Amino acid sequence: AHGALYHDAAVDPGVARAVADAVRSARAGRLALTALAGSAGERAWLEAGLSVIPEGFADRVYAPDGSLLGRDEGGLITDPGRAAAQAVRLATEGVVEASDGGPLEIRCDTLCLHGDTPRSEAIAGRVRAGLEGAGVVVRSPLFGG
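Attention here is on the structure that accompanies the text. Along each chain, numbering runs from 1 in the same order as the chain's sequence is written. Owing to the predicted nature of the model, reporting of local features is limited to residues with pLDDT of at least 70; listing and counting of side-chain atom pairs is limited to 80 or more, with chain, interface and lining totals taken over all residues. Side-chain numbers come from the whole structure's heavy atoms, not from hydrogens or water.

**A short note on the pattern of salt bridges**
And then number 1: Any Lys or Arg side-chain nitrogen found within 4 Å of a carboxyl oxygen on Asp or Glu counts as a salt bridge. Considering all chains together, one arrives at five salt bridges under this definition.
And then number 2: For Glu105, the salt bridge identified is with Arg107, shortest N-O distance 3.4 Å.
And then number 3: For every residue, the accessible area obtained with a 1.4 Å probe (protein chains only) is divided by the maximum for its type, and the residue is called buried under 20%, exposed over 50%, and partly exposed between those limits. On the basis of relative accessibility, which here comes to 57%, the residue Glu105 falls in the exposed class.

Given below as structure tokens:
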């Protein structure tokens, strides 16, 4: 699920169940769904017996409830240093600073960076350097890298 469907599944268990049904009907046994960590979608897909990879975001701002602020609500992180710090904290502590300044627990197994975020190339470089500097192994479990 991506874009609007991803976000709808994150907050609406009915949408999440429909995605789960579609995956099962496609007999996509080796398919793993990427879900917003801690969301209703993640829970519904796990309950449906599907493989789920909880996802965190280096270049997005989290609301206190664990959802992502909209791009039009100041939800983008375009500063490479800030994105790298958020990625490192997500990977090493499982915590992010929410939009209200409070800590928010986010247990994720993968990090997302958006290619259409302004300065995305610089963000990606700083995030990788920050993660590697913190001892985090950067790899793609799905593609053997």
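Anyway, onward from the coordinates.
**Details of the packing of aromatic side chains**
And then number 1: Any two of the Phe, Tyr and Trp rings considered here, Trp counted by its six-membered ring, make a pair once their centres fall within 6.5 Å; the pair's planes then place it as stacked at under 30 degrees, edge-to-face at over 60, or tilted in between. Counted under the stated rule, the structure contains one aromatic pair.
And then number 2: Taken together, a centroid distance of 6.3 Å and an interplanar angle of 80° make the contact between Tyr6 and Phe57 edge-to-face. Here Tyr6, found in helix α1 (residues 4-11), pairs with Phe57, found in strand β2 (residues 51-57); they are 51 residues apart in sequence, far enough to count as distant. The pair formed by Tyr6 and Phe57 is uniform in burial state, with each residue classed as buried. We count a stretch as a helix when DSSP gives it H or I for four or more residues in a row; a strand needs E for two or more, and each element gets its number in order from the N terminus.

**Regarding the pairing of β2**
Regular strands show a simple pattern: their side chains alternate between the two faces of the sheet.
And then number 1: β2 sits mainly inside the fold: six of its seven residues count as buried.
And then number 2: By definition, the crossover connecting two strands over a helix is right-handed if that path, from the first strand to the second, turns clockwise as seen with the strands pointing away from the viewer. In this view, the connection linking strand β1 (residues 32-36) to its parallel neighbour β2 by way of helix α3 (residues 40-47) has right-handed handedness.

**Quick notes on the state of the cysteines**
Each disulfide is one covalent bond, formed between the sulfur atoms of two cysteines.
And then number 1: For the purposes of this analysis, a disulfide is any pair of cysteine sulfur atoms at a distance within 2.5 Å. A full pass over the atoms with the stated rule returns zero disulfides.
And then number 2: Of all cysteine sulfurs in the structure, the one in Cys112 sits closest to Cys108, which takes part in no disulfide; the separation is 11 Å.

**A word on the packing of α1 against helix α2 (residues 13-25)**
And then number 1: Axis lines are fitted to C-alpha atoms, over the contacting stretch for helices. Their N-to-C directions set the angle, which ranges from 0 to 180 degrees. The interhelical angle for the contact between α1 and α2, taken along N-to-C directions, is 120°, at an axis separation of 5 Å. Taken together, α1 and α2 sit at an angle that is classed as oblique. Both α1 and α2 take part in a crossing whose hand is left-handed. Contact residues: Leu5, Asp8, Ala9 and Val11 in α1; Pro13, Val15, Ala16 and Val19 in α2.
And then number 2: Throughout this entry, Asp, Glu, Lys and Arg are counted as charged residues, while Ala, Val, Leu, Ile, Met, Phe, Trp, Tyr, Cys and Pro are counted as nonpolar. The remaining residues, Gly among them, count as polar. For the contact of α1 with α2, the class distribution of residues is seven nonpolar, no polar and one charged. The labels follow the angle: roughly parallel below 35 degrees, roughly antiparallel above 145, roughly perpendicular from 65 to 115, and oblique for the rest. A clockwise turn of the near helix away from the far one marks a right-handed crossing, whereas an anticlockwise turn of less than a right angle marks a left-handed crossing. Note on contacts: a residue pair is in contact if any heavy atoms of the two residues lie within 4.5 Å.

**Overview of α1**
And then number 1: Of the residues making up α1, those classed as buried are Tyr6, Ala9 and Ala10. One side of α1 carries all its buried residues, which in axial view fall inside an arc of 105°. The exposed residues of α1 that point more than 90 degrees off its buried face are Ala4 and Val11. Read the arc as the range of directions from the helix axis to the C-beta atoms.

**Section: unusual backbone geometry**
And then number 1: For Arg119, which is not glycine, the phi dihedral falls at a positive 70°.
And then number 2: Tracing the chain through its elements places Arg119 in the loop between β5 (110-112) and α5 (120-133).

**Thoughts on the sheet that holds β2**
And then number 1: One open sheet accounts for three strands, arranged β1-β2-β5; its pairing is parallel. Sheet topology places β1 and β5 at the edges, where each strand pairs with a single neighbour. Mean inter-strand twist for the sheet, computed between neighbouring axes without regard to direction, equals 40°.
And then number 2: Pairing of β2 with β5 involves three bridges; the strand directions are parallel. Residue pairing for β5: Glu55 is matched across the bridge by Thr110.
And then number 3: Relative to the sheet, α3 contacts β1 and β2, its axis offset from that of β1 by approximately 150°. Here a strand pair is declared whenever DSSP counts at least two bridges between the two strands.

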